[in-house]
Amino acid sequence: MKFSIIIPIYNEARNIQQTIKRLSNILNKKKIVYEILFIDDDSKDNSIEIFKKFKTKKTKLIIRKEKPRDLSRSVIFGFNKAKYKNLAVMDGDLQHTPKDLINMIKQYNTNKYEIVIGSRNMINHKKVNLNPLRFYISNLLNMITNFLFGLKLKDPMSGFFIIKKKVYVGARKDLFLKGYKILLDIILSSRTIPKIKEIFINFKVRDKGFSKMRPKILFQLIIFLLVKYIYRLLKN
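In this text, all values refer to a predicted model and were calculated from it rather than measured experimentally.

A.B. asks: Looking at this structure, I do not really get the nonpolar core. What am I missing?
C.D. replies: When a protein is soluble and globular, its nonpolar side chains tend to lie buried together. Judged by nonpolar contacts, the single largest core of 34 residues is most densely connected at Phe79, Ile163 and Ile186. Of the residues forming this core, the biggest block, six residues, is contributed by helix H7 (residues 182–189). The contacts of phenylalanine 79, once residues within four sequence positions are left out, are Ile6, Leu87, Val89, Phe161, Ile163, Lys165, Tyr168 and Ile186. One finds Ala13, Ile16, Leu23 and Phe135 within the second-largest nonpolar core, a separate group that totals 32 residues.

Here it is as structure tokens:
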């Protein structure tokens, strides 16, 4: 299979070199056909200069200048630019590892699933490298999401996944497109729940830079869940 790997970034100049190096090395070693698309949300650091220095023939950096800045919109922008029908999404801050991506590709290549999710093993905050408050909030939101929408996902908020492009195409007219949870947005916007496989990943501490989790993002997520739930009630 051929994969378009979408990496949304904003001010990630300190991580671009290692992301390209680690990802390219393992994908080439496994002889996977791929392209890597860095979707830059109009960064204000020197991301462009760093990318130009370390780019390869299989990497592209595309700047999304449309406002407001938003991870979900950047991912969808990347989906629309992708040349392959199998789409992978991962962070550009090295919290998602290339090794885990390979394990996810192995599951995806069985053709049994439309989405493969790299899920955090939410047993305790140390296991997933989250501070205690963020860990408990994430767990609570996961439980609420599963209850409201009849899901059985261990980590529906994951930003690390592989998806068939046709699943995204079928859901895109109903996407909320705001915030950081594009995977859940696609799942809840699909007419029927896609065939999903979750595998546990090693969620790493950011090598460099700062976490993007802020109260504003949490508020957006709550609004998103309310909107999707009300829409489902009205639809039914």
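Anyway, onward from the coordinates.
A.B. asks: Could you clarify how one ought to interpret the sheet that holds strand S6 (residues 161–164) in this entry?
C.D. replies: To summarise the sheet geometry, strands pair through backbone hydrogen bonds and adopt either a parallel or an antiparallel arrangement. An order of S3-S2-S1-S4-S6-S5-S7 is seen for the seven strands of this open sheet, with the pairing classed as mixed. Only two strands of the sheet have a single partner each, and these edge strands are strand S3 (59–63) and strand S7 (196–201). The average angle at which neighbouring strand axes cross in this sheet is 25°, direction not considered. Sitting on the sheet, helix H3 (residues 71–81) is in contact with strand S1 (2–9), strand S2 (33–40), S3, strand S4 (86–89) and S6, with an inclination near 150° to S1. Those strands touched by helix H4 (residues 98–108) are S1, S4, strand S5 (115–120), S6 and S7, and its axis lies near 155° from that of S7.

A.B. asks: What should I look at first to understand the packing of aromatic side chains in this one?
C.D. replies: Two numbers describe a pair of aromatic rings. These are the distance of the centres and the angle of the planes. Tallied over the full model, the rule gives six aromatic pairs. An angle of 75° between the planes, with centres 5.1 Å apart, marks the rings of phenylalanine 135 and tyrosine 136 as edge-to-face. According to the relative accessible area criterion, tyrosine 136 is exposed, its value standing at 54%.

A.B. asks: Help me understand a nonpolar patch on the surface in this model?
C.D. replies: Where nonpolar side chains cluster on the molecular surface, the patch consists of Phe219, Ile222, Ile223, Leu226, Val227, Ile230 and Leu234 and spans about 670 Å² of accessible area. By secondary structure assignment, the location of isoleucine 230 is in helix H8 (residues 215–235). With relative accessibility at 47%, the residue isoleucine 230 sits in the partly exposed group.

A.B. asks: Sorry, what's going on with the environment of leucine 226 here?
C.D. replies: In this fold, leucine 226 is placed in helix H8. The spatial distance from the C-alpha of leucine 226 to the C-alpha of leucine 148 is 9.6 Å, given a sequence separation of 78 residues.

A.B. asks: Sorry if this is basic, but what is going on with helix H1 (residues 13–29) here?
C.D. replies: Its 17 residues place the ends of H1 25 Å apart at the C-alpha level, agreeing with the 24 Å of an ideal helix rising 1.5 Å per residue. Along H1, the positions that sit buried rather than exposed are Ala13, Asn15, Ile16, Thr19, Ile20, Leu23, Ser24 and Leu27.

A.B. asks: I keep staring at the pattern of salt bridges and nothing clicks. Help me out?
C.D. replies: According to the stated counting rule, one finds eight salt bridges in the structure shown. Between aspartate 42 and lysine 44 there is a salt bridge whose closest N-O contact spans 3.6 Å. The partner of aspartate 185 in a salt bridge is lysine 228, with the nearest N and O atoms 3.6 Å apart. Of this pair, aspartate 185 sits in helix H7 while lysine 228 sits in helix H8, placing them 43 residues apart in sequence. Summarising the burial analysis for this pair, aspartate 185 and lysine 228 share the class buried. Sharing partners across several salt bridges, the network here consists of Asp42, Lys44, Lys65 and Lys67.

A.B. asks: Is there a simple way to think about the pairing of S3 in this case?
C.D. replies: Along any regular strand, the residues point their side chains to alternate faces of the sheet. Sheet topology places S2 next to S3; five bridges connect them, and they run parallel. Bridge assignment links isoleucine 36 to a residue of S3, and that residue is threonine 59. As for the winding sense of the linkage, the β-α-β connection from S2 through helix H2 (residues 47–54) to S3 is right-handed.

Procedures and definitions
- Residues numbered from 1 in each chain as written.
- Predicted model: local features only at pLDDT ≥ 70, side-chain atom pairs only at ≥ 80, totals over all residues.
- Heavy atoms only, no water.
- Core = buried A, V, L, I, M, F, W, Y, C linked by side-chain atoms within 4.5 Å.
- Buried < 20%, exposed > 50% of the residue type's maximum accessible area, 1.4 Å probe, protein only.
- Helix = DSSP H or I, 4+ residues; strand = E, 2+ residues; numbered from the N terminus.
- Contact = heavy atoms within 4.5 Å.
- Pairing = 2+ DSSP bridges.
- Axes fitted to C-alpha atoms, helices over the stretch in contact; angles between N-to-C directions.
- Phe/Tyr/Trp six-rings, centres within 6.5 Å; stacked < 30°, edge-to-face > 60°.
- Patch = residues over 30% accessible without salt bridge, like charges linked within 9 Å, V, L, I, M, F, W, Y side chains within 5 Å.
- Areas by Shrake-Rupley, 256 points an atom, 1.4 Å probe, with all protein chains shown as cover.
- Salt bridge = Lys/Arg side-chain N within 4 Å of Asp/Glu carboxyl O.
- Expected span 1.5 Å × (residues − 1).
- Right-handed = clockwise from strand over helix to strand, strands pointing away.

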